[in-house]
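# Topology and contacts: notes
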Amino acid sequence: MSASYRHIKVPTSGEKITYVDGKLSMPDQPIVGYVEGDGIGPDITRACLRIWDAAVEKAYGGKRKIHWCEVFLGEKAAGLYDGNYCPDETIEALRDLVVSIKGPLTTPVGGGFRSLNVALRQDLDLYACVRPVRHYAGVPSPLKNPGKVDVVIFRENTEDVYTGIEFKSGSPENEKLAKFLREELKAKFFEGAGLGVKPISAFGTKRLVRKAIQYAIDNGRESVTLVHKGNIMKFTEGAFRNWGYEVAREEFGNVTITEEQLYSEYKGKQPEGKIVIKDRIADIMFQMMLLRPEEFDVLATMNLNGDYLSDAIAAEVGGVGIAPGANIGDGVAVFEATHGTAPKYAGLNKVNPGSLLFSGVMMLEYMGWSEAADLITLVYPEVVSDGIVTYDFARQIDGAKEVSTSAFADALIERMQGGVDLNAKRKAQQEQLIKERKQREIRRLLQPTEEMISTGRVPHTVGDLMTRALITVSEDETIETVMGVMADNSVSSVVVDPNAAGQWGILTRRDIVTKVVQGNKNPATAKVKDLASRPVVSVPAETTIRDAAAMLSAKNFSRLPISQGDRIIGIVTETDLFNAIKKFGWTAE
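### Description of the overall build of the protein chain
Helix and strand counts for the protein chain stand at 22 helices and 23 strands. Across its three principal directions, the C-alpha atoms of the protein chain cover 95 × 65 × 45 Å. By the burial criterion, 49% of the 589 residues in the protein chain qualify as buried. Put simply, the protein chain shows about 27500 Å² of open surface, and 51% of that area lies on carbon and sulfur atoms. In the protein chain, 71 side chains carry a positive charge and 78 a negative one; their mean positions are 3 Å apart.

As structure tokens, then:
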């Protein structure tokens, strides 16, 4: 690490954390960065440092220890670096430290100042904002069953409308863009409209979804849900959905299945070791997190949706005051309190340290120190259930004992040091998790249609409806043989393997009836290649149901083969579309 910092003092004890070939290398005596933060930051940081250190000491008996390195942002940085709230050496240190945690920060009021949080995300390319949301027993909640909420939100940090590509109404730049949109692209919108751009890229989408799926694999999660508004914004949010499925299929195909496959191929029974990839319209997702939160494990979404969802879901389990968060890139992670600086409570030793505390729990898990992390998460609900809480919870819990920030830390540490049967509590949690998963599986097996509808599943593309269990035949088979195959399998068409030119074909009952009779052919001697239609007209799996219906109508087809690259992977029929509309309804755009 650099020895030339102006104000940052790197501990002489401890070892540097490294990130090599996409993997974190964690020594037993790591140097970890921290930013005290502004307002209430010093109060909650002091308390949390003591709790984290106590958990590590208890879990590992002195074999492991964090060596803390203070770095500076916000008001404290401005006092040290001649008014600079975000010094270059801080950015350099955070990158070099690899793992850091920070309290809440104040962005100076007035033009010319970037949000410090946005600056960190951009300068360090922390593209994934990760927000776990779960309920802890005893914490006040507006829900009847808040314990069902346990999700981890992966919010893309660098794209969407948050890129700041927008132009004020009446500005020359706005007028130039408006003129181009109207004249060149024939766009229609009101005069005087403020204009913004919403970039969503395959690169940004795939690296986020990749991280979300890997998290699900590493943490034994059941599913990853892509949250989008692709039914309206087809080429941005719809593309996010399609690219998300693409990265799952191409990079994690051995450990993932789609929700469509879960029902059509596995009849609702999730195969061992497989993660279900599904998607939900954003507004339906908000509803589902109130009505059926237990159906969702990991959510991957874009910047704006993620901003809304993370705070809304946090409100279900106690609010942002105890909601943890992290901004993670490739090789750098900064964990953070998700609330503001609350300056009126600064220095009063009064506020709830929960958000920063659990961000530190996330950090310990990220470091691979799950034993220390679990100590905190297991004793926290016990302390709260005993009524030992800070003022915000004391107002909502009858008979609670209001304590200071530091006293709450003392209570947690005392409970940890008193002894926790970690293995027994972990075993109980795992048994409960298995029980709940089994109950969901039984519902899917017994009432698949009802479960799909009640959990918000709505098909959008032909990939959601297609039959994957294709029946294929060789072009050299006789028509008589193929007629037997069709009858035995109760199908009206078969896919014909590629010919020497690589062209797939299709043979339908209609083809056989019309071409055998009109052509006066003998089914026993006529070959598939004499009757099959080639080259087959196919569409990719991400083709919308609306576009597929239009193609069926325009070409007078009754079915469409579904392609992936140069392969036929499924088939969708007008009957499939009819049944989907009947089952799920249809919403006009």
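### Overview of the packing of helix α1 (residues 41–60) against helix α11 (residues 354–366)
Describing two packed helices takes the angle between their axes plus the distance from one axis to the other. It is the contact of α1 with α11, at a shortest axis distance of 9 Å, that shows an interaxial angle of 35 degrees. Crossing angle aside, the handedness with which α1 passes α11 is right-handed. Together, I44, T45, C48, I51, W52 and V56 of α1 and L356, L357, G360, V361 and L364 of α11 make up the contact between the two elements. Among the residues forming the contact of α1 with α11, the class breakdown is nine nonpolar, two polar and no charged.

### Remarks on the pattern of salt bridges
In the structure shown here, the tally under the stated rule is 40 salt bridges. With a closest N to O distance of 3.4 Å, D96 and K16 form a salt bridge. Here D96 is found in helix α3 (residues 88–97), whereas its partner K16 is found in the segment before β1 (18–20), with 80 residues between them in sequence. The class for D96 is partly exposed, based on a relative accessible area of 21%.

### Observations regarding the pairing of strand β20 (residues 505–508)
The alternating pattern of β20 places G505 and L507 and I506 and T508 on opposite faces, both of which are buried. Bridge analysis of strand β19 (residues 493–496) against β20 gives four bridges, and the strand direction is antiparallel. In the sheet register, V494 faces β20, and the bridge partner there is L507.

### Things to note about the pairing of β19
Where burial is concerned, the two faces of β19 agree: the one with S493 and V495 and the one with V494 and V496 are both buried. Bridging between strand β18 (residues 472–473) and β19 involves two bridges; their strand directions are parallel. Bridge assignment links T472 to a residue of β19, and that residue is V495.

### Quick notes on helix α18 (residues 479–489)
Here α18 has its buried residues at I479, V482 and M486. In an axial view of α18, the angular spread of the buried residues amounts to 60 degrees, which keeps them on one side of the axis. Projecting away from the buried face of α18 at angles above 90 degrees are the exposed residues A487 and D488. Those residues of α18 that are buried are in contact with β18, β19, β20, α19 (509–518) and α20 (528–531).

### A closer look at the sheet that holds strand β3 (residues 31–35)
An order of β4-β3-β5-β15-β14-β6-β7-β13-β10-β12-β11 is seen for the 11 strands of this open sheet, with the pairing classed as mixed. Two strands close off the open sheet at either side, each with one partner strand: β4 (67–70) and β11 (256–258). Shown here is a sheet whose adjacent strand axes are inclined to one another by a mean of 25 degrees, direction ignored. The pairing of strand β6 (residues 128–134) with strand β7 (residues 150–156) spans seven bridges and is classified as antiparallel. What sits directly across from R134, in β7, is D150. Helix α6 (residues 202–218) rests against β6, β7, β10 (223–228), β11, β12 (275–281), β13 (298–301) and β14 (324–328) of the sheet, and its axis sits at about 160 degrees to β7.

### Things to note about the packing of aromatic side chains
Evaluation of the coordinates by the stated rule reveals 10 aromatic pairs. Measuring from ring centre to ring centre gives 5.7 Å for Y60 and W369, while their planes differ by 65 degrees; the resulting arrangement is edge-to-face. Linking Y60 in helix α1 with W369 in the loop between α11 and α12 (370–385), this pair joins segments that are 309 residues apart in sequence. A residue is classified by how much of its surface remains accessible, and Y60, at 13% relative accessible area, is buried. When the ring of Y136 is compared with that of F358, the centres are 4.4 Å apart and the planes differ by 10 degrees; the resulting orientation is stacked.

### Notes on the confidence of the model for the protein chain
Mean pLDDT over the protein chain works out to 91, with 98% of the residues at or above the 70 mark. Considering each helix and strand of the protein chain separately, the mean pLDDT is smallest for helix α16 (residues 448–454), with a value of 82, and largest for β13, with 98.

### Some remarks on the packing of α12 against helix α14 (residues 405–417)
Where α12 meets α14, the closest approach of the two axes is 9 Å, and the angle between their N-to-C directions is 115 degrees. Crossing of α12 against α14: the hand is right-handed. Contacts between α12 and α14 involve L375, I376, V379, Y380, E382, V383 and V384 from the first element and F408, A411, L412, R415 and M416 from the second. Grouping the constituent residues of the contact of α12 with α14 by class yields 10 nonpolar, no polar and two charged.

### Quick word on the environment of K350
By the secondary structure assignment, K350 is in the loop between β15 (333–337) and α11. On the basis of relative accessibility, which here comes to 25%, the residue K350 falls in the partly exposed class. Separated by 57 residues in sequence, K350 and A407 place their C-alpha atoms 9.5 Å apart. Discounting chain neighbours no more than four positions away, the residues touching K350 are Y345, T390, Y391, E402 and T405.

### Structural notes on helix α9 (residues 282–291)
Within the span of α9, buried status applies to A282, M285, M288 and M289. Along the long axis of α9, the arc covered by the buried residues comes to 105 degrees, so they all point the same way. Considering only its buried residues, α9 is in contact with β7, β10, β12, β13, α10 (303–316) and α16.

What counts and how
- Residues numbered from 1 in each chain as written.
- Predicted model: local features only at pLDDT ≥ 70, side-chain atom pairs only at ≥ 80, totals over all residues.
- Heavy atoms only, no water.
- Helix = DSSP H or I, 4+ residues; strand = E, 2+ residues; numbered from the N terminus.
- Buried < 20%, exposed > 50% of the residue type's maximum accessible area, 1.4 Å probe, protein only.
- Areas by Shrake-Rupley, 256 points an atom, 1.4 Å probe, with all protein chains shown as cover.
- Lys, Arg positive; Asp, Glu negative; His and termini not counted.
- Charge placed at Lys NZ, Arg CZ, Asp CG, Glu CD.
- Axes fitted to C-alpha atoms, helices over the stretch in contact; angles between N-to-C directions.
- Left-handed = near helix turned anticlockwise from the far one by under 90°.
- Contact = heavy atoms within 4.5 Å.
- Nonpolar A, V, L, I, M, F, W, Y, C, P; charged D, E, K, R; others polar.
- Salt bridge = Lys/Arg side-chain N within 4 Å of Asp/Glu carboxyl O.
- Pairing = 2+ DSSP bridges.
- Arc of directions from axis to C-beta.
- Phe/Tyr/Trp six-rings, centres within 6.5 Å; stacked < 30°, edge-to-face > 60°.
- pLDDT = per-residue confidence, 0-100.

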